[in-house]
Amino acid sequence: MATISRSNYLAKRLTDQLPVVIKHFQFATSDNGWSDYDAHHREIEVLQGLEHPGIPKYLESFQTAKGFCMVQEYKDAVPYRKARALTLSKFGRLRYRF
């Protein structure tokens, strides 16, 4: 599998000025092409199915010359790395759409 770098950008969606986060995934080698997107497609499907007020909603994704971008709503919250540990009671409130 290719080495992937990721950059995050805070932006505004042009249609409604909603703040969004653009996660840009860039593949280290250009010969991998769009097929590496498939490896992340399942993660995108999971994100599309999650429903929780603390988890940013998946909005869309698109291909770039050397990778792809995933767009999610922006949550003004404590970064995950600094957040407290998820307890079982909090985890139980997480819903997944099938």
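Preceding block: the structure.
Owing to the predicted nature of the structure, the values given are computational and were not obtained by experimental measurement.

Student: In this structure, what is going on with the side chain of lysine 23? I would like to understand it.
Tutor: On the secondary structure map, lysine 23 appears in strand β2 (residues 19–27). With a relative accessible area of 19%, lysine 23 lands in the buried category. Among the polar contacts made by the side chain of lysine 23, one reaches the side chain of glutamine 72 at a distance of 2.9 Å. Lysine 23 has contacts with Arg6, Ser7, Asn8, Phe68, Cys69, Met70 and Gln72, leaving out every residue within four places of it along the chain.

Student: Would you take a moment to explain the pattern of salt bridges for this structure?
Tutor: Where charged atoms from two side chains of opposite charge come close, those side chains can pair. Counted by the stated rule, this structure contains 2 salt bridges. Notably, a salt bridge pairs aspartate 16 with arginine 13, separated by 2.7 Å at the nearest N-O pair. Owing to a relative accessible area of 42%, aspartate 16 belongs among the partly exposed residues under this scheme. When the shortest N-O distance is used, the salt bridge between lysine 75 and glutamate 73 registers 3.5 Å. Residue classification places lysine 75 among the partly exposed positions, given a relative accessible area of 29%. Residue class for glutamate 73 comes out buried when judged on its relative accessible area of 16%.

Student: Help me understand the nonpolar core, please; the structure alone is not making it clear to me.
Tutor: In summary, soluble globular proteins display a tendency toward joint burial of nonpolar side chains. By size, the foremost hydrophobic cluster in this structure holds 7 residues: Phe25, Phe27, Ile44, Leu47, Tyr58, Phe68 and Met70. For this core, the elements supplying multiple residues, two or more each, are β2, α1 (35–49) and β5 (67–73).

Student: I would appreciate a short explanation of the side chain of glutamine 72 in the present structure.
Tutor: Counting through the fold element by element, glutamine 72 comes out in strand β5. Setting aside residues no more than four positions away along its own chain, glutamine 72 makes contact with Val20, Val21, Lys23, Leu47, Pro56, Lys57, Tyr58 and Leu59.

Student: Teacher, can you tell me more about the environment of valine 71 here?
Tutor: Here valine 71 shows up in strand β5. A relative accessible area of 7% means that valine 71 is categorised as buried. Linking valine 71 and proline 56, residues 15 residues apart in sequence, is a C-alpha distance of 9.7 Å. Apart from residues no more than four positions distant in its own chain, valine 71 is found in contact with Val20, Val21, Ile22, Lys57, Tyr58, Leu59, Glu60 and Phe62.

Student: For this particular structure, what's the right way to read the pairing of β5?
Tutor: Two faces belong to every sheet, and in a regular strand the side chains alternate between them. Most of β5 is tucked away: 7 of the 7 residues are buried. Covered by surrounding structure in β5 are Gly67, Cys69, Val71 and Glu73 together with Phe68, Met70 and Gln72, the residues of both alternating faces. Judged from the 7 bridges that link them, β2 and β5 form a sheet pairing that is antiparallel. Following the sheet pairing, histidine 24 is matched in β5 by cysteine 69. Where strand β4 (residues 58–64) meets β5, 6 bridges bridge the pair, whose relative direction is antiparallel. Bridge assignment links glutamate 60 to a residue of β5, and that residue is valine 71. Connecting β4 to the next strand, β5, in antiparallel fashion are 2 residues.

Thresholds, definitions, all that
- Residues numbered from 1 in each chain as written.
- Predicted model: local features only at pLDDT ≥ 70, side-chain atom pairs only at ≥ 80, totals over all residues.
- Heavy atoms only, no water.
- Helix = DSSP H or I, 4+ residues; strand = E, 2+ residues; numbered from the N terminus.
- Buried < 20%, exposed > 50% of the residue type's maximum accessible area, 1.4 Å probe, protein only.
- Polar contact = N/O pair within 3.5 Å; in protein donor to acceptor, adjacent residues only side chain to side chain.
- Contact = heavy atoms within 4.5 Å.
- Salt bridge = Lys/Arg side-chain N within 4 Å of Asp/Glu carboxyl O.
- Core = buried A, V, L, I, M, F, W, Y, C linked by side-chain atoms within 4.5 Å.
- Pairing = 2+ DSSP bridges.

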